[in-house]
Amino acid sequence: MMTGASRFWLSERRKSVAEDDRPHPKVGAVVVKDGKVLAKAHRGENPKSHAEYVALEEKLSTETIAGATVYTTLEPCINRNPPKICCAQRLVDRKVARVLIGMLDPNPDIRGLGDQLLSEAGIEVQLFPRDLRAQVKEMNREFSLSGTRKRSGKRERPQQRVDSDATFQHLLSELC
Ligand SMILES: [Zn+2]
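Let me sum up the structure you'll find in this document.

About the cut-offs
Each chain carries its own residue numbering, running from 1 in the direction its sequence is written. Only residues with pLDDT of at least 70 are given local features in this predicted model, and only at 80 or more are side-chain atom pairs given and counted; all residues enter the totals for whole chains, interfaces and linings. Segments assigned H or I by DSSP are reported as helices when at least four residues long, segments assigned E as strands when at least two residues long, and all are numbered from the N terminus. For every residue, the other C-beta atoms within 10 Å of its own C-beta are counted; 20 or more classify it as buried, 12 or fewer as exposed, and values in between as partly exposed. C-beta atoms are placed from the backbone. Residue pairs qualify as contacts under a 7 Å threshold applied to their C-beta atoms, which are placed from the backbone. Note on pairing: two strands pair once DSSP finds at least 2 bridges between them. When the strands point away from the viewer and the connection leading from the first strand across the helix to the second strand turns clockwise, the crossover is called right-handed. In this usage, the nonpolar core is the set of buried Ala, Val, Leu, Ile, Met, Phe, Trp, Tyr and Cys residues whose C-beta atoms join them within 7 Å. For helices, the axis comes from a line fit to the C-alpha atoms of the stretch in contact; other axes are also lines fit to C-alpha atoms, and the angle between any two N-to-C directions lies between 0 and 180 degrees. Arc definition: directions from the helix axis to the C-beta atoms.

Considering the overall build of the chain
Within the chain, the secondary structure is distributed over seven helices and five strands. Reading the helices (α) and strands (β) of the chain from amino to carboxyl end gives α-β-β-α-β-α-β-α-β-α-α-α. Out of the 176 residues in the chain, the part that is buried amounts to 32%. Taking as baseline every contact in the chain between residues at least 6 positions apart, the subset at least 24 positions apart corresponds to 73%.

In structure tokens, the structure reads:
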């Protein structure tokens, strides 16, 4: 057991060092149910924890969030080293109804896969309205450029409108 645990921590440490050399995305997540904000979280609030993880598992671990809407500035991740569970899977497990995404992952190798995992689980996935997507993109310019150096030629999803909502502004003001 010790060996497995030490290997895990070693790999975590290696990963965290590597991560510091790369631009970090600014990620925020807000969970809303029945018109009420249940939790807000952002990356860096808890070191090495993704925003969705902090919101779902640290702040709302005992709440029923089935049917909730989750706003997240970056497409939920689909790859985490075990035993970590990826954010997209956590959203599925907690049975949220809708996920609104500020920007798809700029890495062409995984871009759209979080969206796909959620959609296939029956979760409604939408993108932020165009103006807010532009703000998210601008906030994450450095991160986006680092992820799109090799261009895949894939086209961006067509714009989908959602009702503008104070939640977006909350979210964005927390991130700036
Ligand atoms: Zn994640």
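Next, the rest of the story.
Thoughts on the environment of Asp 34
Note on placement: Asp 34 falls in the loop between β1 (28-33) and β2 (36-42). A tally of 8 C-beta atoms within 10 Å means that Asp 34 is categorised as exposed. Between the alpha carbons of Asp 34 and Gly 67 there is a distance of 8.9 Å; along the sequence they are 33 residues apart.

Remarks on the pairing of strand β5 (residues 124-127)
Going residue by residue along β5, you find Val 125 and Leu 127 tucked away on one face and Glu 124 and Gln 126 left uncovered on the opposite face. Here strand β4 (residues 98-103) runs beside β5; their pairing, made up of four bridges, is parallel. By the bridge assignment for β5, Leu 100 is matched with Gln 126. The parallel pair β4 and β5, bridged by helix α4 (residues 113-120), forms a crossover whose chirality is right-handed.

Brief notes about unusual backbone geometry
Pro 83 follows Pro 82 through a cis peptide bond whose omega is 10°. For Pro 83, the position within the fold is in the loop between β3 (69-74) and α3 (87-93).

Quick word on the pairing of β4
For β4, the tally of buried residues reaches five of six residues, placing the bulk of the element in the interior. At this point the chain moves from β3, through α3, to the parallel β4, and the crossover so formed is right-handed.

Topic: the nonpolar core
When a protein is soluble and globular, its nonpolar side chains tend to lie buried together. Ala 29, Val 31, Val 70, Val 99 and Ile 101 are the most contacted members of the largest nonpolar core, which has 34 residues in total. The set of elements that each furnish at least two residues to this core consists of β1, α2 (51-59), β3, α3, β4, α4, β5 and α5 (130-139). Counting residues per element, this core draws most heavily on α2, at five residues. Apart from the residues lying within four places of it in its own chain, the contact partners of Ala 29 are Ala 41, Ala 51, Glu 52, Ala 55, Val 70, Tyr 71 and Thr 72.

Considerations on the sheet that holds β1
As a general point, the strands of a sheet are linked pairwise by backbone hydrogen bonds and lie either parallel or antiparallel. With respect to topology, five strands assemble into an open sheet ordered β2-β1-β3-β4-β5, the strand pairing being mixed. Unpaired on one side and paired on the other, β2 and β5 mark the two borders of the sheet. Taking the axes of each pair of neighbouring strands and ignoring which way they run, one obtains an average angle of 15° across the sheet. Direction of pairing for β1 relative to β3: antiparallel, over a ladder of four bridges. The residue bridging Val 30 from the neighbouring strand is Tyr 71, located in β3. Where α2 meets the sheet, its contacts fall on β1, β2 and β3, and the angle it forms with β2 comes to roughly 125°.

Quick word on α2
For α2, the set of buried residues is Ala 51, Glu 52, Tyr 53, Val 54, Ala 55 and Leu 56. Next to the buried residues of α2 lie β1, β2, β3 and α3.

What to know about α4
Taken together, the buried positions of α4 are Gly 114, Asp 115, Leu 117 and Leu 118. Around the axis of α4, the buried residues are gathered within 165° of arc, so they sit on the same side. On its buried face, α4 is in contact with α3, β4 and β5. Gly 122, located one to two residues past α4, shows a positive phi value of around 90°.

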